[in-house]
There are 2 protein chains.
Amino acid sequence: MDEKKITIFDVAEKAGVSKGTVDRVLHNRGEVSKKSEAKVREAIKLLNYEPNLYASLLATKSKREIALLLPKYNKGEYWEMLYDGFVAGGEAVSSLNISTNVFLYDQYDSASFKTAAERMLESRPSGVVIPPLFKNDTMELVNKLNAMDIPYVYVDTRLEEGNYLAYYGMPMYKSGYLCASLLTDRRREDEVKEIVVVRIQRDKSRLSDPTINRRAGFTDFIETYFPECVIYNLFIDPSDARSTNEALESFHELHPGIKHVVMFNSRVHLLSDFFKRHPDNQRCVIGYDNLDGNVEAVREGLVNLLITQHTDRQSHDAVVTLADYIIMRKQPPIRDCYVHMDILNKYNLENY
Amino acid sequence: MDEKKITIFDVAEKAGVSKGTVDRVLHNRGEVSKKSEAKVREAIKLLNYEPNLYASLLATKSKREIALLLPKYNKGEYWEMLYDGFVAGGEAVSSLNISTNVFLYDQYDSASFKTAAERMLESRPSGVVIPPLFKNDTMELVNKLNAMDIPYVYVDTRLEEGNYLAYYGMPMYKSGYLCASLLTDRRREDEVKEIVVVRIQRDKSRLSDPTINRRAGFTDFIETYFPECVIYNLFIDPSDARSTNEALESFHELHPGIKHVVMFNSRVHLLSDFFKRHPDNQRCVIGYDNLDGNVEAVREGLVNLLITQHTDRQSHDAVVTLADYIIMRKQPPIRDCYVHMDILNKYNLENY
DNA sequence: AAAAATTCCGTGACCGTGCACGAAAATCAC
DNA sequence: GTGATTTTCGTGCACGGTCACGGAATTTTT
């Protein structure tokens, strides 16, 4: 009712100083004696003072910037969604005098990550969003960020260190488990004897396969409920459509009866051509992520289900979370935000 | 770059008037000659002026209120989710000097709707959120709102008139279609011969069954792809657990082999007890809406799938949309917002 | 045409905070 | 103890609106 809004003046009065001093304390701008600072902080706590965001925003001139460190990508690839969400988040907070900036690197070249990180640091951002692809390099970066007191948010995956402001991502293990449950839904054991997992050649030689946990979840489910089932691994090269198709064809000749196909990365659309040539309405295909190509494949009935998340919302929320923290020192209510795993089929992908 | 922010002064100068006049035009506060008004509007358009929200919020004293007209509900019922989202939306816009207020009525008593609507109008809200249960009464209300120039947003369902600001809801017909597709996923025709649809006794005698379109979508799918299939209707009384169970038991005795059970309203949890007594892992049960009871039923494996939407987000977004419109006359980008239909099973309901 | 009534419009005091400027107080050097 | 530094602090304008007040311009009345 009588919500008398307390202002910086009230605090100043209570502390026996001027509003200028209170302001200095509020923004840790220094030039305040320890004694005064103590009194001001006391008064702030006592009065339960919260600064008026609007007055602050109106008066301030300082511009902030939030940076995103992202792998280079081609149109329609996974990382594009993170990028889009980041931009959208930037628009959402642009009225808070916060802008955004993206630094790209080559996801197969650790050195390029380092230089991108270096450039990013030089831009002196007020906050950073990172999908931590290179574990060690990211760790190094994060140490510097901590030293510079720059908050950062993980998206996609997360490192096991303790200083990130928040994390947005899909629970990988569970997403594999979910996939297996959908693939085998209401099937008897003798109906699921063989499964093909299509994988990316390049990931084999990589330090860390990004889908490893997902695969683990999937395998655990199958081994528990379909112990007799055989899981084949088929490797393809996403950059070479011809070799991909050849690999698929020759595998198909070898194992013509396989009805269950799964792909743990976001590239299940690469199989569309093959499925078009070999239609089979007994087949069940499950992939991940709502890339345009994947969605189209579901629409055409080539892929049955997609397990997705609002990837763009991850980076969007990351930006908003950072902005809230930068402007108002507001801690996010939940630090580890596992986004919901959506299940998309032909009939519910329209409004996604 | 040189994003020189244009202020009310720039507009005033361009129009050859004072800022006071511009302000009067901006808020349709009258006391402006047609000539001046025209010049001001011209200048606004020319300069592409947008008022500074923060300055406005800082200076304004006026309080606004957004009202929600909602059926009375018990804890754990569908309408509670709309309520929760409304409250959450209210918190999100509270800093815009906007508060919220809820007016409850008896969903089976048209007269109580009318008095609630009357009370609501007397509170002179700046915006209204309505799930239009009573078509005619809502129409009457809406006419008054239009006359009073009060914007309103539909949630849940929508009337076929043209003046609402926005609508948030699930595409009912499609949600039935989706349900049928999931129920029969990868089934051969001879595997789906009988389906039970459990319905609410009371809805039979009601003017309009709220699930009618959903049922239509469901039936259309089944008739298309499983023309031989028989759909049974079983009516229960949600307020009487004993009679419900009796109805289920006697139906079960009559048709013991039925493996497919569907419920089109949000009360599939009412069947939990029965399923507990008659476990059958060949059975497939699909319901709607993520009420706690329903979620629990999925977790326990009594219900296979839930088709849900973020019901709370409907009313939440409704409030935010209204606030944006009230404060900044911002039209929502999409007027008819069909929210995405989520599919929930045992393995992806945790983070929902 | 002057007076009265209306309509229209400019002015200026806020709203609560940020920040530059310079004065006051405290510390230091000798 | 005096002057020079350095530290600490108060003051006042700016930010871009809102809105009440009262005066100017216009219309109406007599």
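Residues numbered from 1 in each chain as written. Chains lettered and ligands numbered in written order. Predicted model: local features only at pLDDT ≥ 70, side-chain atom pairs only at ≥ 80, totals over all residues. Heavy atoms only, no water.

Tallying secondary structure elements over chain A gives 14 helices and 12 strands in all. Dimensions of chain A, computed from the C-alpha atoms along their principal axes, are close to 85 × 50 × 35 Å. Looking at the 352 residues of chain A, the share that counts as buried comes to 48%. The long-range fraction of contacts in chain A, counting pairs at least 24 apart against all pairs at least 6 apart in sequence, stands at 69%. Looking at chain A as shown, the accessible area adds up to about 17,700 Å², and 49% of this sits on carbon and sulfur atoms. Side-chain charges of chain A comprise 45 positive and 51 negative groups, with the mean position of each set lying 6 Å from the other. (Helix = DSSP H or I, 4+ residues; strand = E, 2+ residues; numbered from the N terminus. Buried < 20%, exposed > 50% of the residue type's maximum accessible area, 1.4 Å probe, protein only. Contact = heavy atoms within 4.5 Å. Areas by Shrake-Rupley, 256 points an atom, 1.4 Å probe, with all protein chains shown as cover. Lys, Arg positive; Asp, Glu negative; His and termini not counted. Charge placed at Lys NZ, Arg CZ, Asp CG, Glu CD.)

What follows covers the protein's contact with DNA strand C. The environment of DNA strand C is made up of 26 residues, and the closest members are A:I8, A:K19, A:D23, A:Y49 and B:S36. Sugar and phosphate atoms form 61% of the subset of DNA strand C atoms that lie within 4 Å of the protein. A:A55 places a polar main-chain atom, nitrogen or oxygen, 3.4 Å from a base nitrogen of DNA strand C. Measuring from a phosphate oxygen of DNA strand C, one finds a side-chain N or O atom of A:S56 at 3.4 Å. Within the residue set of the surface near DNA strand C, elements represented by two or more residues are α1 (8–15), α2 (19–26) and α4 (53–59) of chain A together with α2 (19–26) and α4 (53–59) of chain B. Along the lines of polarity and charge, the residues of the surface near DNA strand C split into 10 nonpolar, 10 polar and six charged. (Near = heavy atom within 4 Å. Polar contact = N/O pair within 3.5 Å; in protein donor to acceptor, adjacent residues only side chain to side chain. Nonpolar A, V, L, I, M, F, W, Y, C, P; charged D, E, K, R; others polar.)

All right, on to the protein's contact with DNA strand D then. If you check the shell around DNA strand D, you find 28 residues, and the closest are A:S18, A:S36, B:I8, B:K19 and B:D23. Each atom of DNA strand D within 4 Å of the protein belongs either to a base or to sugar and phosphate, the latter forming 60%. Within the side chain of A:T21, one N or O atom sits 2.8 Å away from a phosphate oxygen of DNA strand D. In the environment of DNA strand D, a phosphate oxygen lies 2.7 Å from a nitrogen or oxygen atom belonging to the backbone of B:I8. For the surface near DNA strand D, the secondary structure elements donating two or more residues are α2 and α4 of chain A together with α2 and α4 of chain B. Grouping the amino acids of the surface near DNA strand D by side-chain chemistry returns 11 nonpolar, 10 polar and seven charged.

Looking now at the interface of chain B and chain A. Put simply, an interface is often sized by how much accessible area is lost when its parts join up. Taken residue by residue, the interface counts 35 residues in chain B and 35 residues in chain A. Carbon and sulfur atoms supply 52% of the area buried between chain B and chain A, which totals about 3,100 Å² over both sides. When the buried surface of chain B facing chain A is broken down by residue, B:Y54, B:R186 and B:Y347 rank first, second and third, together holding 28% of it. Linking chain B with chain A are zero salt bridges, by the criterion used here. In this structure, the connection of chain B to chain A is made through 14 residue pairs in polar contact (both at pLDDT 80 or more). Taken together, the elements giving at least two residues each to the side of chain B that touches chain A come down to α4, α8 (172–183), α10 (212–225) and β12 (342–344) of chain B. Per-element accounting of the side of chain B that touches chain A gives the leading share, six residues, to α8(B). A class-by-class count of the residues in the side of chain B that touches chain A yields 20 nonpolar, eight polar and seven charged. (Buried area = accessible area lost by both parts, 1.4 Å probe. Salt bridge = Lys/Arg side-chain N within 4 Å of Asp/Glu carboxyl O.)

Superposition record for chain B on chain A: RMSD 0.4 Å, screw rotation 179°, translation along axis 0.2 Å. Each copy turns onto its partner about a two-fold axis. Residue B:Y54 of chain B places its C-alpha closer to the rotation axis than any other residue of that unit, at 2.3 Å. The residues that chain B uses at the interface reappear at the interface of chain A in 100% of cases, marking a shared surface. (Least-squares fit on C-alpha atoms with pLDDT ≥ 70 in both.)

On to unusual backbone geometry, then. Residues and elements named next belong to chain B. Of note in the backbone geometry, N28 takes a positive phi value of approximately 50° without being a glycine. Structurally, N28 is set in the loop between α2 and α3 (34–47). Judged by its relative accessible area of 60%, N28 is exposed. One non-glycine residue with positive phi stands out, namely E31, at about 60°. Inspection of the secondary structure puts E31 in the loop between α2 and α3.

Looking now at the confidence of the model for chain A. Model confidence for chain A is summarised by a mean pLDDT of 93, while 98% of its residues fall at 70 or above. Least confident of the elements in chain A is helix α9 (residues 201–205) of chain A, whose mean pLDDT is 76; most confident is strand β8 (residues 260–263) of chain A, at 98. (pLDDT = per-residue confidence, 0-100.)

Residues and elements named next belong to chain A. Alignment of strand β1 (residues 64–71) against strand β2 (residues 98–105), held across eight bridges, turns out to be parallel. Within β2, the residue paired with I66 across the bridge is T100. Once you follow β1 into helix α5 (residues 78–93) and on to β2, the crossover reads as right-handed. (Pairing = 2+ DSSP bridges. Right-handed = clockwise from strand over helix to strand, strands pointing away.)

Moving on to the environment of B:H278. Residue and element names in this part refer to chain B. With respect to the helices and strands, the residue H278 is situated in the loop between α12 (272–277) and β9 (284–288). Note: C-alpha distance between H278 and V22 (256 residues apart in sequence) is 72 Å. Ignoring anything within four residues of it in the chain, the contact list for H278 reads E249, H252 and R283. Here E249 takes part through its side chain, which lies 3.1 Å from a polar atom of the side chain of H278.

Glancing now at the sheet that holds strand β4 (residues 152–156) of chain A. Residue and element names in this part refer to chain A. The parallel open sheet is built from six strands, whose spatial order is β2-β1-β3-β4-β5-β11. Since the sheet does not close on itself, it has two edges, and those belong to β2 and β11 (336–338), each with one partner. The average angle at which neighbouring strand axes cross in this sheet is 15°, direction not considered. On top of the sheet, α5 reaches β1, β2, β3 (127–130) and β4; it is set at about 175° to β1, its chief contact. In the packing of helix α14 (residues 311–328) onto the sheet, contacts are made with β1, β2, β3, β4 and β5 (166–169), and the angle to β4 comes to roughly 170°. (Axes fitted to C-alpha atoms, helices over the stretch in contact; angles between N-to-C directions.)

So, about the nonpolar core. In this structure, A:I66, A:V129, B:I66 and B:V129 are the most contacted members of the largest nonpolar core, which totals 54 residues. What A:V129 contacts, discounting residues up to four positions off in sequence, is A:I66, A:A67, A:L68, A:L69, A:F86, A:V153, A:V155, A:A318, A:V319 and A:L322. Of all hydrophobic cores here, the second largest spans 47 residues; its members include A:A180, A:M341, B:F226 and B:M341. (Core = buried A, V, L, I, M, F, W, Y, C linked by side-chain atoms within 4.5 Å.)

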